[in-house]
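Architecture at a glance
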Amino acid sequence: MKFRTASSDLKQMITTNGCGRMNTINKQHILTAEAYVRPFFERDHSGHDWGHIQRVRRNALFICKQESCQNPQAVELISLLHDVSDPKLHETYEVGQDALEKVLNELSFTRETELLVKEAIVSVSFNGGHEKSLPCTEAAIVRDADRLDAIGAVGIARTFAYGGSRGAKMYDDEIRIREKMTEKEYRSETSTTVHHFYEKLLKLKNLMVTETGKKLAHERHQFMESYLKQFLKEWKGQA
C-alpha cells in the first residue's frame, strides 16, 4: 500500500499485510455486522455506545481515503467490530470472546479471514500501554480512529461518562498517577477519571501511526491540555 505522505512509523509497526487479503468482504457483510452489533452498543452508557462506533467508522474511512487505502471494506468491518469483545463491556473475558465468535459466525467467513479480523481487532486496543503489533495498515487506521475518539471534546465527555458508569471519583490529589502498570493493574487498580488523562489519553497523540491521524490528534490534544489546566485550577478553588 502506498501512502501519499511519508509514514515510516506505520511501516515499521506493521508486521504483515494480512488485511489486504480480506478482499472477499463486501457490502452485505458490513450490513450484517451492523445489524448484529448495533442493538448491543445502543444499550451502552459507558461511552462505548453506538455513537462511538459510528464516529470510529467515519474517522477510519476518512483516514483510509486520505492515506489512499485500497481496502475500505476491511476498515469499515474492523471499525464495527473493534469493541465487540472488549473486556470492559462484558462480565468476563470469555463472554466477550463468545460475543465476537457469534457475530463472525453470522458473517460466514473463511477460517483465514476470520483469524485476520480477530488479529486486527486485538491490535486496536490500548491495553494499558501493552498494545499488540499491528498486522496491517487497515488495523492501524482503525486504531488511530478509535484513539481520536478518546481525545478532544468528545473524548473528555466519554471519559467522564465511563468513570461515572464505574463509580470512579472525578479526581483525588492523594492518588498517584501510575507511570508504569501491567494490563491487570490498568484495569483493576483504583484511579480517577482525571488520572486517566495522564495515564492514557495524553499519550495517544504520540502513538498515532498514520500521517492523517497525527494531524487530527494535534488539535484534540491541545484542547485536552487546556481543559485539564482549567479543571485543576477550579478544583483547587482558584477564581
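This text gives an overview of the structure that appears in the document. (Residues numbered from 1 in each chain as written. Predicted model: local features only at pLDDT ≥ 70, side-chain atom pairs only at ≥ 80, totals over all residues. Heavy atoms only, no water.)

1. Some details on the side chain of Glu34
With respect to the helices, strands and loops of the structure, Glu34 is situated in helix H2 (residues 27-42). A distance of 2.8 Å separates a polar atom in the side chain of Glu34 from a polar atom in the side chain of Arg57. Residues in contact with Glu34, not counting those within four places in the same chain, are Trp50, Arg57 and Leu80. (Helix = DSSP H or I, 4+ residues; strand = E, 2+ residues; numbered from the N terminus. Polar contact = N/O pair within 3.5 Å; in protein donor to acceptor, adjacent residues only side chain to side chain. Contact = heavy atoms within 4.5 Å.)

2. Structural notes on the pattern of salt bridges
Under the counting rule described, the total for this entry stands at 12 salt bridges. A salt bridge links Glu76 to Arg57; the shortest N-O distance between them is 3.2 Å. Of the two residues, Glu76 is situated in helix H4 (residues 72-81) and Arg57 in helix H3 (residues 50-66); the sequence distance between them amounts to 19 residues. You can call Glu76 buried: its relative accessible area is 12%. Between Asp172 and Lys169 there is a salt bridge whose closest N-O contact spans 2.8 Å. Overall, the relative accessible area of 15% leaves Asp172 in the buried class. Here Lys169 falls in the partly exposed class, since its relative accessible area comes to 48%. Taken together, the shared-partner salt bridges connect Glu101, Arg111, Glu114 and Lys118 into one network. (Salt bridge = Lys/Arg side-chain N within 4 Å of Asp/Glu carboxyl O. Buried < 20%, exposed > 50% of the residue type's maximum accessible area, 1.4 Å probe, protein only.)

3. Focus on helix H6 (residues 111-124)
Here H6 is 14 residues long and its end C-alpha atoms lie 21 Å apart, about the 20 Å a rise of 1.5 Å per residue gives. For H6, every residue scored as buried is listed here: Thr113, Glu114, Leu116, Val117, Lys118, Ala120, Ile121, Ser123 and Val124. (Expected span 1.5 Å × (residues − 1).)

4. Looking at the packing of aromatic side chains
Counted under the stated rule, the structure contains nine aromatic pairs. On the numbers, 6.2 Å between centres and 45 degrees between planes, the contact of Phe160 with Phe197 is tilted. In this pair, Phe160 sits in helix H8 (residues 152-165) while Phe197 sits in helix H10 (residues 193-199), placing the two residues 37 residues apart along the sequence. Look at Phe197 and you get buried, because its relative accessible area is 0%. Among the aromatic residues, ring-to-ring pairing joins Phe160, Tyr171, Phe197, Tyr227, Phe231 and Trp235 into one connected group. (Phe/Tyr/Trp six-rings, centres within 6.5 Å; stacked < 30°, edge-to-face > 60°.)

5. So, H4
The element H4 is largely enclosed, with a buried count of eight among its 10 residues. Buried within H4 we find Ala74, Val75, Glu76, Leu77, Ile78, Ser79, Leu80 and Leu81. Close packing links the buried residues of H4 with H2, H3, helix H5 (93-107), H6 and helix H7 (137-148).

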